[in-house]
Amino acid sequence: MLSSSAAQTGGIVLLTVVAIAYGGTFLLRVATAKVPTNDLQRSFFRAGHAHAGVLVILGLVATLYVDLAGVDEIWRSLTGLILLAAILMPAGFFLSVIGRDPQRPNALFALIWLGALSLTVGVIAAGVGLLTV
């Protein structure tokens, strides 16, 4: 049976899908030139939106697996870093190219790398935790 903390996490994360869907409407406005953007912004906005959707799904699936398998608390907690990556990476993609016609990403690009680290640790924790059950 699913724990109450995993159910609560799932409920919260599923509600964030509304924000991801709203981000899709923003991308439609970008694609139809209703929002002025340069090539760098368009590619980073697409990458941010894609990472948000994929990482939320991965985070939900990993949360379910480790919870239902009864993985030890340390591994279960570290698995939550996948969901942190679902915040950090898209934030880095979007926030690092804000402004009028940026030619290169700003310092917030570091959020992408922090998200990648978070994702790596979270996925390793889920995998190791599941293999040690």
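Look up a bit, the structure's there.
Residues numbered from 1 in each chain as written. Predicted model: local features only at pLDDT ≥ 70, side-chain atom pairs only at ≥ 80, totals over all residues. Heavy atoms only, no water.

Regarding helix H5 (residues 110-131)
Turning to step 1, where the next piece is worked out: In this model, H5 (22 residues) spans 32 Å end to end at C-alpha, consistent with the 32 Å of a helix rising 1.5 Å per residue.
Turning to step 2, where the next piece is worked out: Every buried residue of H5 is listed here: Leu111, Ile112, Gly115, Ser118, Leu119, Gly122, Ala125, Ala126 and Gly129. End-on view of H5: buried residues confined to an arc of 155°, all on one side of the axis. Set apart from the buried face of H5 by more than 90 degrees, the exposed residues are Trp113, Leu117 and Leu131. (Helix = DSSP H or I, 4+ residues; strand = E, 2+ residues; numbered from the N terminus. Expected span 1.5 Å × (residues − 1). Buried < 20%, exposed > 50% of the residue type's maximum accessible area, 1.4 Å probe, protein only. Arc of directions from axis to C-beta.)

A few points about unusual backbone geometry
Turning to step 1, where the next piece is worked out: Backbone geometry at Ala33 places phi at a positive 65°, although glycine is not the residue there.
Turning to step 2, where the next piece is worked out: Mapped onto the elements of the fold, Ala33 is located in the loop between helix H1 (4-31) and helix H2 (39-68).

Here we look at the side chain of Ser96
Turning to step 1, where the next piece is worked out: Relative to the elements of secondary structure, Ser96 occurs in the loop between helix H4 (81-95) and H5.
Turning to step 2, where the next piece is worked out: By relative accessible area, Ser96 is classed as buried at 1%.
Turning to step 3, where the next piece is worked out: With residues up to four places along the chain from it excluded, the contact list for Ser96 reads Phe44, Ala91, Arg104, Pro105, Asn106, Leu108 and Phe109. (Contact = heavy atoms within 4.5 Å.)

Here's the deal with the pattern of salt bridges
Turning to step 1, where the next piece is worked out: Here the structure, examined in full by the defined rule, presents 2 salt bridges.
Turning to step 2, where the next piece is worked out: A salt bridge links Arg42 to Asp39; the shortest N-O distance between them is 2.3 Å. Here Arg42 and its partner Asp39 are both found in helix H2, 3 residues apart, which amounts to about one turn of the helix.
Turning to step 3, where the next piece is worked out: When its relative accessible area of 25% is taken as the criterion, Arg42 is described as partly exposed.
Turning to step 4, where the next piece is worked out: With relative accessibility at 58%, the residue Asp39 sits in the exposed group.
Turning to step 5, where the next piece is worked out: Asp67 is the partner of Arg76 in a salt bridge, and the nearest nitrogen-oxygen pair spans 3.2 Å.
Turning to step 6, where the next piece is worked out: Note on Asp67: relative accessible area 8%, which makes it buried. (Salt bridge = Lys/Arg side-chain N within 4 Å of Asp/Glu carboxyl O.)

Some thoughts on the packing of H1 against H2
Turning to step 1, where the next piece is worked out: Their axes nearest at 10 Å, the elements H1 and H2 cross at an angle of 165°. One finds that H1 runs roughly antiparallel with respect to H2. Both H1 and H2 take part in a crossing whose hand is left-handed. For the pair formed by H1 and H2, the contact residues are Ala6, Gly10, Val13, Leu14, Thr16, Val17, Ile20, Gly23, Gly24, Phe26, Leu27 and Val30 on the first element and Arg42, Phe45, Arg46, His49, Ala52, Gly53, Val56, Leu60, Thr63 and Asp67 on the second.
Turning to step 2, where the next piece is worked out: Partitioned by chemical class, the residues of the contact of H1 with H2 number 12 nonpolar, 7 polar and 3 charged. (Axes fitted to C-alpha atoms, helices over the stretch in contact; angles between N-to-C directions. Parallel < 35°, antiparallel > 145°, perpendicular 65-115°, else oblique. Left-handed = near helix turned anticlockwise from the far one by under 90°. Nonpolar A, V, L, I, M, F, W, Y, C, P; charged D, E, K, R; others polar.)

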